[in-house]
Amino acid sequence: MDKALLFLSNENLQELPTGRFYISGDEIFCLVNEYTTKPVSECSMEAHKNYIDIQSIIYGKEQIGYSPLSNQTIVKEYNVENDYALL
(Lines give C-alpha, C1' and ligand atoms only; values in the text may rest on other atoms or scores of the structure.)
Protein backbone atom coordinates (compact mmCIF):
# COMPACT_ATOMS: atom_id res chain seq x y z
CA MET A 1 0.00 0.00 0.00
CA ASP A 2 2.88 2.38 0.81
CA LYS A 3 4.42 1.98 -2.67
CA ALA A 4 1.10 2.61 -4.39
CA LEU A 5 0.35 5.72 -2.33
CA LEU A 6 3.90 7.00 -2.87
CA PHE A 7 3.42 6.59 -6.64
CA LEU A 8 0.13 8.51 -6.49
CA SER A 9 1.66 11.33 -4.48
CA ASN A 10 4.84 11.65 -6.60
CA GLU A 11 3.46 11.32 -10.15
CA ASN A 12 1.77 14.08 -12.10
CA LEU A 13 -1.43 12.07 -12.51
CA GLN A 14 -2.95 14.64 -14.87
CA GLU A 15 -0.17 13.95 -17.38
CA LEU A 16 -0.33 10.13 -17.38
CA PRO A 17 -1.78 8.67 -20.59
CA THR A 18 -4.33 5.88 -20.38
CA GLY A 19 -2.80 2.47 -19.84
CA ARG A 20 -1.08 0.26 -17.26
CA PHE A 21 1.98 1.43 -15.32
CA TYR A 22 3.98 -1.09 -13.31
CA ILE A 23 5.10 0.19 -9.93
CA SER A 24 6.47 -3.04 -8.46
CA GLY A 25 6.23 -5.82 -11.06
CA ASP A 26 2.81 -7.44 -11.34
CA GLU A 27 2.23 -6.97 -7.61
CA ILE A 28 1.55 -3.22 -7.76
CA PHE A 29 0.41 -1.38 -10.85
CA CYS A 30 -1.61 1.63 -11.85
CA LEU A 31 -4.42 1.55 -14.40
CA VAL A 32 -5.26 4.90 -15.94
CA ASN A 33 -8.75 4.93 -17.47
CA GLU A 34 -10.83 7.57 -19.16
CA TYR A 35 -14.57 7.07 -19.42
CA THR A 36 -18.00 8.62 -19.03
CA THR A 37 -19.64 7.61 -15.77
CA LYS A 38 -23.03 5.92 -15.70
CA PRO A 39 -25.97 6.44 -13.36
CA VAL A 40 -25.74 4.36 -10.17
CA SER A 41 -28.78 2.35 -11.30
CA GLU A 42 -26.74 1.01 -14.26
CA CYS A 43 -23.67 0.02 -12.23
CA SER A 44 -22.52 -3.10 -10.42
CA MET A 45 -20.11 -3.31 -7.55
CA GLU A 46 -16.92 -5.32 -8.03
CA ALA A 47 -14.86 -7.52 -5.76
CA HIS A 48 -11.27 -8.75 -5.99
CA LYS A 49 -9.40 -11.63 -4.36
CA ASN A 50 -5.79 -10.84 -5.33
CA TYR A 51 -5.62 -7.06 -5.63
CA ILE A 52 -6.88 -4.01 -3.76
CA ASP A 53 -8.21 -1.01 -5.69
CA ILE A 54 -7.18 2.50 -4.75
CA GLN A 55 -9.48 4.81 -6.68
CA SER A 56 -8.28 8.33 -7.52
CA ILE A 57 -10.51 10.62 -9.56
CA ILE A 58 -8.41 13.18 -11.46
CA TYR A 59 -11.14 14.96 -13.47
CA GLY A 60 -14.89 14.98 -13.03
CA LYS A 61 -16.94 13.23 -10.38
CA GLU A 62 -17.78 9.63 -9.61
CA GLN A 63 -19.60 8.01 -6.72
CA ILE A 64 -17.56 5.28 -5.05
CA GLY A 65 -19.00 3.07 -2.33
CA TYR A 66 -18.22 0.13 -0.14
CA SER A 67 -20.30 -2.71 1.22
CA PRO A 68 -19.38 -5.98 2.95
CA LEU A 69 -19.46 -8.99 0.60
CA SER A 70 -21.92 -10.74 2.90
CA ASN A 71 -24.57 -8.16 1.86
CA GLN A 72 -24.13 -8.74 -1.89
CA THR A 73 -25.64 -10.91 -4.59
CA ILE A 74 -23.31 -12.16 -7.33
CA VAL A 75 -24.19 -10.80 -10.79
CA LYS A 76 -21.13 -12.21 -12.59
CA GLU A 77 -19.06 -15.04 -11.12
CA TYR A 78 -15.43 -14.45 -10.17
CA ASN A 79 -13.09 -14.25 -13.19
CA VAL A 80 -9.72 -15.70 -12.09
CA GLU A 81 -7.74 -14.28 -15.01
CA ASN A 82 -8.98 -10.71 -14.47
CA ASP A 83 -9.46 -10.97 -10.66
CA TYR A 84 -12.98 -9.66 -10.30
CA ALA A 85 -16.57 -10.58 -9.66
CA LEU A 86 -19.54 -8.29 -10.20
CA LEU A 87 -22.05 -7.89 -7.41
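Structure: above.
Nothing here was measured: the structure is a model prediction, and the numbers come from that model. (Residues numbered from 1 in each chain as written. Predicted model: local features only at pLDDT ≥ 70, side-chain atom pairs only at ≥ 80, totals over all residues. Heavy atoms only, no water.)

*Asks:* Account for the packing of aromatic side chains, naming residues and giving values.
*Replies:* Centre distance and the angle of the planes are the two values used to describe a pair of aromatic rings. Counting across every chain of the model gives two aromatic pairs. Aromatic pair Tyr22 and Phe29: ring centres 6.3 Å apart, planes at 55°, arrangement tilted. Taken together, a centroid distance of 5.1 Å and an interplanar angle of 70° make the contact between Phe29 and Tyr51 edge-to-face. A residue pair is termed long-range when its members are at least 10 positions apart, and Phe29 in strand β2 (residues 28–32) and Tyr51 in the loop between β3 (46–47) and β4 (76–79) qualify at 22 residues. Given the relative accessible area of 33%, Tyr51 is considered partly exposed. Taken together, Tyr22, Phe29 and Tyr51 form an aromatic cluster joined through their ring pairs. Just above the ring of Phe29 sits the side chain of Arg20; from NZ or CZ to the centre is 4.2 Å. (Phe/Tyr/Trp six-rings, centres within 6.5 Å; stacked < 30°, edge-to-face > 60°. Helix = DSSP H or I, 4+ residues; strand = E, 2+ residues; numbered from the N terminus. Buried < 20%, exposed > 50% of the residue type's maximum accessible area, 1.4 Å probe, protein only. Lys NZ or Arg CZ within 6 Å of the ring centre and 35° of its normal.)

These figures capture arrangement, not role.
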